[in-house]
Amino acid sequence: MTVSAKKVVFIHYTLTNDDGDVIDSSLGHAPLAYIHGEGNIIPGLENALAGKSVGDKLKVSIPPEEGYGLRDDGLIQAVPKAAFHGVDEILPGMQFHTETAEGGQLVTVLDVQEDSVILDGNHPMSGLTLNFDVEVTEVRDATLEELAHGHVHGEGGHHH
Ligand code: ZN
């Protein structure tokens, strides 16, 4: 069975930046499971995996445009400190989930000023070339329920 639309694909991966630093890895954990063709993972990685089979290993370098996007300075904004009601201390580097009209968004605190907080709405991995070392460990058909939900159930996926 090869990786194609509507298959559940299990991969072990190690992600490094251009300096060779490991950013993320599934090694030592359960493999990552995703439904191919559903946009569960970044486009560059999904495209590289198409047509692969169990046991295939690949190294792929993904530019920001096919990863988490280019950085957009328009996503940096100042928010009044009062908006952080209930947060004891706000420090640079802290991350918050916010709800916007387009859905949930992760924002990172860049700077804290007297009355305002400078937030960066760019994905933490935006602007980066992502180097993946990947092994396909399992490929199976997605269930109808998984396709309806748009995500994998069971090991490596959602439990609900
Ligand atoms: Zn579900």
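Residues numbered from 1 in each chain as written. Predicted model: local features only at pLDDT ≥ 70, side-chain atom pairs only at ≥ 80, totals over all residues. Heavy atoms only, no water.

### Brief notes about the coordination of the zinc ion
Around the zinc ion, the protein contributes the donor atoms His149 (ND1), His151 (NE2), His153 (NE2) and His160 (NE2), which lie 1.9 to 2.2 Å from the metal centre. The sequence pattern describing where the donors of the zinc ion fall on their chain is H-x1-H-x1-H-x6-H. On the basis of relative accessible area, His153 is assigned to the buried category, the value being 17%. Residue classification places His160 among the exposed positions, given a relative accessible area of 67%. (Donors = N, O, S within 2.8 Å, 3.2 Å for Na, K, Ca; no water. Buried < 20%, exposed > 50% of the residue type's maximum accessible area, 1.4 Å probe, protein only.)

### So, the domain arrangement of the protein
As assigned here, the protein comprises domain 1 (7–68 + 126–149) and domain 2 (73–120). Taking only C-alpha atoms, the centre of domain 1 and the centre of domain 2 are 30 Å apart. (Domains from an automatic or database assignment.)

### Notes on the pairing of strand β8 (residues 116–120)
Within β8, 5 of the 5 residues are buried, which leaves the element mostly enclosed by the surrounding structure. Burial of β8 is two-sided: the residues Ser116, Ile118 and Asp120 facing one way and the residues Val117 and Leu119 facing the other way are all buried. As defined by bridge partners, strand β5 (residues 76–80) adjoins β8 across 5 bridges and the pair is classed as antiparallel. Its bridge partner lying in β8, Ala78 is registered against Ile118. The pairing of strand β7 (residues 103–112) with β8 spans 4 bridges and is antiparallel. Paired with Asp111 across the two strands is Ile118, which belongs to β8. Count of turn residues in the β7/β8 antiparallel hairpin: 3 residues. (Helix = DSSP H or I, 4+ residues; strand = E, 2+ residues; numbered from the N terminus. Pairing = 2+ DSSP bridges.)

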